[in-house]
Amino acid sequence: MRIASLLPSATEIVCALGAQGELVGVSHECDFPEGLGGLPVLTRARLAPARSSGEIDAAVRDVLRDALAVYDIDEGALREARPDVIVTQDLCDVCAVSLDDVRAAVARLARQDVRIVNLHPTRLDDIWADIRRVAGAIGRAEAGEALVAQLRARVAAVAARAAAAPDRPRVLAVEWIDPVMIGGVWMPELIALAGGEPLVTRPGEHAPTLSPADLAALDPDVVLIKPCGFTLERTLEELDVLPRALPWARYRAVARGRVYVADGNAFFNRPGPRIVESLEILAACSHPALFAAARRAHARSVVRLDAELRPRPFDEE
């Protein structure tokens with residue numbers, strides 16, 4: 001089996017199923033697990049590098065307004081990879097190459113035996129279904145069932161512990177900081193499972209952009225900042241944006257030191273196996289005392305901000 005993965009979450013699924021050795025190509029953003037460095041890169045970004053989240057947002061909107069693709073497929077590399085299966089998605093054109101572009105590229109290869117596996121997760125159950133779909137396509141259906149059972153058991157364990165918490169904090173999950181977008185799709189489910197009350201979005205909804213007035217009407221107990229595609233270090237470079245982007249001085253979460261910045265590249269925004277680790281991080285943000293072990297386990301991926309924007313260790317509350 002020769003597998004090409006065109007998005008990071010699919011690569012993580014393939015590897016979790018024990019098929020890392022069957023990958024013959026990945027996207028330019030696939031960076032987990034270790035050992036992918038020698039594989040051919042099959043996609044590239046069309047956008048020029050931008051310095052700030054505001055500039056990135058403007059550049060993406062310009063490209064989409066002109067009906068252009070954010071990413072390109074390297075058809076020469078794809079031809080040389082000779083995949084039997086290509087895993088891609090049509091959930092978000094900003095996250096990976098478009099499904100139409102993948103189909104067109106395969107058509108130009110003049111091969112009828114390439115199977116395209118398209119993923120479109122908007123809820124947690126969709127993620128489990130996608131794992132099974134990939135597993136079936138690569139001949140590892142049994143491994144897929146075992147992986148889903150393991151992940152669901154971990155989710156249930158977190159949810160059971162969170163259900164015993166004495167309160168349910170109101171949680172605002174920030175998907176992008178300039179402009180401010182609020183996490184949708186599976187994020188409201190994760191927040192609820194972690195023992196919190198999700199603000200703004202409902203399960204399955206896409207991330208909305210909120211105006212300053214909309215943000216001022218909220219008063220979250222916990223704020224989780226995890227920009228899509230940004231590592232923790234990359235987000236920390238833009239901390240000065242937060243007091244302008246959010247009603248910083250008004251939020252009780254800020255006053256109480258309950259603002260968290262997390263690695264949005266590794267967690268939350270990848271609908272694959274590490275979505276369960278994302279849930280564990282959310283539970284530790286929502287109920288620090290109950291999930292002290294999770295705070296220690298993810299101390300390198302999350303920091304807590306005080307009112308003066310000073311980062312504090314996640315494993316110290």
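Use the structure listed above.
This write-up is about the structure you can find in this document.

Scoring rules and cut-offs
- Residues numbered from 1 in each chain as written.
- Predicted model: local features only at pLDDT ≥ 70, side-chain atom pairs only at ≥ 80, totals over all residues.
- Heavy atoms only, no water.
- Phe/Tyr/Trp six-rings, centres within 6.5 Å; stacked < 30°, edge-to-face > 60°.
- Helix = DSSP H or I, 4+ residues; strand = E, 2+ residues; numbered from the N terminus.
- Buried < 20%, exposed > 50% of the residue type's maximum accessible area, 1.4 Å probe, protein only.
- Lys NZ or Arg CZ within 6 Å of the ring centre and 35° of its normal.
- Pairing = 2+ DSSP bridges.
- Axes fitted to C-alpha atoms, helices over the stretch in contact; angles between N-to-C directions.
- Contact = heavy atoms within 4.5 Å.

1. Remarks on the packing of aromatic side chains
And then number 1: Tallied over the full model, the rule gives two aromatic pairs.
And then number 2: Judged by centre distance (5.7 Å) and plane angle (80°), the rings of Tyr-260 and Phe-314 are edge-to-face. Of the two residues, Tyr-260 sits in strand S11 (residues 259–262) while Phe-314 sits in the segment after strand S13 (311–313), which places them 54 residues apart along the sequence.
And then number 3: Assessed through its relative accessible area of 0%, Phe-314 is described here as buried.
And then number 4: Above the ring of Phe-291, the side-chain terminus of Arg-161 is found at 5.8 Å from the ring centroid.
And then number 5: For Arg-274, the ring lying beneath its charged end belongs to Phe-267, and the centroid distance is 5.4 Å.

2. Quick word on the sheet that holds strand S6 (residues 115–119)
And then number 1: Taken in spatial order, the four strands make up an open sheet running S2-S1-S5-S6, and their pairing is parallel. Lying at the two open borders of the sheet, with one neighbouring strand each, are strand S2 (23–25) and S6. Here the strands of the sheet are splayed against their neighbours by 30° on average, with no regard to which way each runs.
And then number 2: Here two bridges tie strand S1 (residues 3–5) to S2, and the two strands are oriented parallel to one another. Bridging from a neighbouring strand, Ala-4 pairs with Gly-25 of S2.
And then number 3: Contacts from helix H5 (residues 124–137) reach strand S5 (85–89) and S6, with the element oriented near 170° to S6.

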